[in-house]
Amino acid sequence: DTAVSQTPKYLVTQMGNDKSIKCEQNLGHDTMYWYKQDSKKFLKIMFSYNNKELIINETVPNRFSPKSPDKAHLNLHINSLELGDSAVYFCASSQGPDQPQHFGDGTRLSIL
Amino acid sequence: GDSVTQMEGPVTLSEEAFLTINCTYTATGYPSLFWYVQYPGEGLQLLLKATKADDKGSNKGFEATYRKETTSFHLEKGSVQVSDSAVYFCALSGNNFNKFYFGSGTKLNVKP
């Protein structure tokens with residue numbers, strides 16, 4: 001069974017569109033994260049939720065809005081997509097702040 | 001603030017060579033330290049971890065020792081294989097609740 005699953009795996013769309021990426025974890029973890037990885041592999045945290053509450057909200061354009069319907073799901077909605085949004089987005093979860101994070105396989109977003 | 005610095009890549013080695021990837025950190029208090037590995041097209045996977053000074057984490061022939069006096073957590077392997085080719089990330093879990101700090105990643109290429 002996949003521990004952290006995100007869909008879709010690939011997302012190709014045009015500038016200006018709105019899109020969502022879904023993430024689900026079946027590990028029973030309390031905390032979930034979204035990261036953005038650029039073409040140089042640099043990994044930047046975007047958001048973190050603990051038990052459906054927003055804990056970390058880094059400097060991210062407000063076109064990005066996370067939603068956590070329950071502690072097993074953390075979705076990412078992006079409005080008015082821009083060229084600079086092209087990246088791989090990773091969802092992750094952990095049991096606690098100093099516990100290892102478990103990552104999904106990523107969603108490769110390409111903006112045309 | 002807390003941060004992680006790791007050596008830039010790519011690192012290119014021949015099979016069976018000795019590997020060292022340097023990682024140093026800046027943190028207040030007593031962070032937990034981690035090494036993650038990312039194979040092409042996949043998410044990050046936990047490779048090993050250490051939670052206190054002088055702890056040695058080990059897995060799949062890789063080792064790293066938590067050195068508080070030098071604020072380092074260097075990754076080593078005695079004999080690398082082609083299958084070890086991947087990007088390696090050093091990370092720490094700091095005092096800022098739920099926040100992980102990742103290094104910039106080091107790409108390892110192992111040639112037959």
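Residues numbered from 1 in each chain as written. Chains lettered and ligands numbered in written order. Predicted model: local features only at pLDDT ≥ 70, side-chain atom pairs only at ≥ 80, totals over all residues. Heavy atoms only, no water.

Undergrad: How would you sum up the sheet that holds strand E7 (residues 64–70) of chain A? Please name residues and give values.
TA: Pairing between the strands of a sheet is mediated by backbone hydrogen bonds and can be parallel or antiparallel. Residue and element names in this part refer to chain A. Taken together, four strands build an open sheet; the order of strands is E1-E3-E8-E7 and the sheet is antiparallel. Either end of the sheet is taken by a strand with one partner, and the two such strands are strand E1 (4–7) and E7. The sheet shows a mean angle of 20° between the axes of neighbouring strands, taken without regard to direction. Bridging between E7 and strand E8 (residues 73–78) involves five bridges; their strand directions are antiparallel. Within the sheet, the bridge partner assigned to Asp70 lies in E8 and is His73. (Pairing = 2+ DSSP bridges. Helix = DSSP H or I, 4+ residues; strand = E, 2+ residues; numbered from the N terminus. Axes fitted to C-alpha atoms, helices over the stretch in contact; angles between N-to-C directions.)

Undergrad: I'd like to hear about a positive patch on the surface, residue by residue, with values.
TA: Residues Lys9, Lys41 and Arg108 of chain A together with Lys107 of chain B make up a contiguous surface patch of positive charge. Here Lys107 of chain B is to be found in strand E12 (residues 106–111). Residue classification places Lys107 of chain B among the partly exposed positions, given a relative accessible area of 46%. (Patch = residues over 30% accessible without salt bridge, like charges linked within 9 Å, V, L, I, M, F, W, Y side chains within 5 Å. Areas by Shrake-Rupley, 256 points an atom, 1.4 Å probe, with all protein chains shown as cover. Salt bridge = Lys/Arg side-chain N within 4 Å of Asp/Glu carboxyl O. Lys, Arg positive; Asp, Glu negative; His and termini not counted. Charge placed at Lys NZ, Arg CZ, Asp CG, Glu CD. Buried < 20%, exposed > 50% of the residue type's maximum accessible area, 1.4 Å probe, protein only.)

Undergrad: Quick rundown of unusual backbone geometry? Include the residues and the values.
TA: Put simply, Thr7 of chain A and Pro8 of chain A share a cis peptide bond, and its omega is 0°. In the Ramachandran plot, Asp54 of chain B falls in the positive-phi region, its phi being about 75° despite a non-glycine side chain. Here Asp54 of chain B shows up in the loop between strand E6 (44–50) and strand E7 (56–59).

Undergrad: Please provide a residue-by-residue account of the packing of aromatic side chains, values included.
TA: Aromatic ring pairs are reported here in terms of the distance separating the ring centres and the angle at which the planes meet. Here the structure, examined in full by the defined rule, presents 15 aromatic pairs over all chains. An angle of 90° between the planes, with centres 5.5 Å apart, marks the rings of Tyr35 of chain A and Phe102 of chain B as edge-to-face. Residue Tyr35 of chain A is located in strand E4 (residues 31–37), and its partner Phe102 of chain B is located in strand E11 (residues 100–102); the two belong to separate chains. No difference in accessibility class separates Tyr35 of chain A from Phe102 of chain B, as the two residues are buried. Between the aromatic rings of Tyr36 of chain B and Phe100 of chain B, the centroid separation amounts to 6.4 Å while the plane-to-plane angle is 75°, which identifies the pairing as edge-to-face. Here Phe100 of chain B lies in strand E11 and Tyr36 of chain B lies in strand E5 (residues 32–38), a separation of 64 residues in the sequence. For Tyr36 of chain B, a relative accessible area of 0% translates into the label buried. Of the aromatic side chains, those joined through ring pairs into one cluster are Tyr33, Tyr35, Phe90 and Phe103 of chain A together with Phe34, Tyr36, Phe89, Phe100 and Phe102 of chain B. (Phe/Tyr/Trp six-rings, centres within 6.5 Å; stacked < 30°, edge-to-face > 60°.)

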